[in-house]
Each structure stands twice: as C-alpha cells, then as structure tokens.
Amino acid sequence: MNTSAMAQGGRIRARRVARGSVTEGAARAGLAARGVIYLLVGALALQIAFGDTGEQADRGGALAELSQKPFGAVLLWALGIGLAGMALWRLSEVLFGSVGPDGRSARKRLLAAARFVFYVFVAYSVLSFAADRGRSGGGSSDRQSQDATARALEIPAGQWLVGAAGIAIVVAGGWIGVRAVLRKYHDKLRLGQMSPRTRRLVDVTGVAGGAARGLVFAVAGLFAVRAAIDYEPDRAKGLDDTLRSFADTPLGPWLLVCVAAGLVLFGVFSFAMARWRRV
C-alpha cells in the first residue's frame, strides 16, 4: 500500500471516529444544554413582562435561576459539560466537515469554526459559574456588551468596527429568522422517524422559536449600530436589555410576551434537534 493510500485511509478512519458515538453524544448533549438555557431565559423574560422578577433575562440570570434549584450545582456542571460537548462537535465539523452534500465546503467549515469559538466561550462561562458556586457570574450581558463596545470604540477605526459588527449581527438575525420561517432545518432532521403530529409540533417550535431568536439578534445588532453612530457605549445592549426594550414599544409588554414565548419554544425545538438531528 502506497503512502497516499495509507494517508487517505487514516483520514477516513479519523472521520469515522469524529462521526462516531462519542461526538454524536456530545452534539446531542450540547443541543439539549442549549435548550435548557433558552427555556430559562424565555421563562425569565415572561416573568419580566408580568413584573414578577428582578433577575436578568440572559445566560447569567438563567444560571443563577438554575443554581437555586435542588441539585443546582450538579445541574450547572451538567449544563457546562453539555455545552463543551457542543464545542467538541463543532470542532469535528471544522476538521472533518458536517453532514450534507456541501458539508466539507470552506463556508461550512468557517461557520463551524465561529460556532466552535462561541460555544467554547459559553461553556467556559458556565463551568466557571459552576466552579464558583454562582459567586461570580461574570456580570450581566448588558454590562459585558457595554464594556466591550467601549473598548472597541477606543481603538483606531473603532466606530466603524462596532458599526460593522452591529450590521453583521443584524444580518445574522435576519438569516436565522428567514431560515426558520422557510424551515431550512428540515435538511438536518431525520423526518422519516417522526410521526405527522410530531413533525407539525416540531415545525411550530422551529418556526416560531427561530423567528423569535432571529428578531432578538437583529434588535441587539441595531443597538450596536446605534452605539457606533452616537459614539456612546451605553447604547449597546445585551440580551437582558434587548428583551426589556420590546416592552417599551407601543405594543407594551405583550410584544415581550410573544418574544419570550418564542424563546421558550426555541428551547423546546433544541430538545427536538437533540433527538432527531442528523449528526
């Protein structure tokens, strides 16, 4: 056997391992962990809409809420490990490609790399929160967004960079929402394993949840663009302030209720993805 054939055989074996039970389990655990976070954030946002909580409706608030439950420390560690599994899965997609006919394209690998970096950060923040037993949650998402914007505005061409980042987030939000409405997630699901009723329920959660998630991203991006234009870091908003801003519209708290319910549905949709997604 020549060297080229041996190298190709090695790559095939590595790809099989990456697609094996360990990585598949990590992916499904990560999707379930994502579902837990969205469920909690959506529930906190609903409480805010009805004036029943002072908690932050973001990842930090969700972790604080979870830490107060029975076996909260165990749940936090499980959540962090699940999100680390999500990062591992995305790394495997960078190295070996993802499912689908164009799964090994440069565009898909670049998107997987961005997701890998994001979930490494999220998993680290959750595990740090668990290790500190909730004493240090890293601050609210609003404070973090404002601090990051302030630092970015201080560098050369920082105003343009913040504006470009905001526009990119707006575009990403629109992309998420449009793909959800068009049900592009069907390409990633094992639809044949679902009953017609289950498929309809998954579509309700996927479309409504994805649209709500995309809207939140887009509005957060608009706040970043506004911060760049006005050169005021405090104009930038994290997830909590972005959600609260929906209650300041002419529709009042009812728009926040709809968005919060959509985030809850996206959490449920993440559980469906954990069950039926092709990995």
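What counts and how
- Residues numbered from 1 in each chain as written.
- Predicted model: local features only at pLDDT ≥ 70, side-chain atom pairs only at ≥ 80, totals over all residues.
- Heavy atoms only, no water.
- Buried < 20%, exposed > 50% of the residue type's maximum accessible area, 1.4 Å probe, protein only.
- Helix = DSSP H or I, 4+ residues; strand = E, 2+ residues; numbered from the N terminus.
- Salt bridge = Lys/Arg side-chain N within 4 Å of Asp/Glu carboxyl O.

As annotated in an unreviewed UniProt entry, the protein chain carries the name DUF1206 domain-containing protein and is attributed to Streptomyces chartreusis NRRL 3882.

J.: An account of unusual backbone geometry is requested, with residue identities and associated values reported.
T.: Look at Arg183: it is not a glycine, yet its phi comes out positive at around 60 degrees. Judged by relative accessible area, Arg183 falls into the partly exposed class, the value being 39%. In this model, Tyr231 sits at a positive phi of 55 degrees, which is unusual for a non-glycine residue. Looking at the secondary structure, you find Tyr231 in the loop between helix H8 (196-230) and helix H9 (239-246). Take Tyr231: its relative accessible area is 46%, and that puts it in the partly exposed class.

J.: Tell me what's going on with the pattern of salt bridges, and back it up with residues and numbers.
T.: Two side chains of opposite charge can pair, provided their charged atoms sit close to one another. The full count for this structure, using the stated rule, is five salt bridges. The residue Glu24 makes a salt bridge to Arg28 at a minimum N-O spacing of 3.0 Å. Taken together, the residues span about one helical turn, with Glu24 and Arg28 both in helix H2 (residues 21-49) at a distance of four residues. Look at Glu24 and you get partly exposed, because its relative accessible area is 25%. The partner of Arg183 in a salt bridge is Asp203, with the nearest N and O atoms 3.5 Å apart. In this pair, Arg183 is assigned in the loop between helix H7 (158-181) and H8 and Asp203 in helix H8, connecting sequence segments 20 residues apart. Classification of Asp203 as buried rests on a relative accessible area of 10%.

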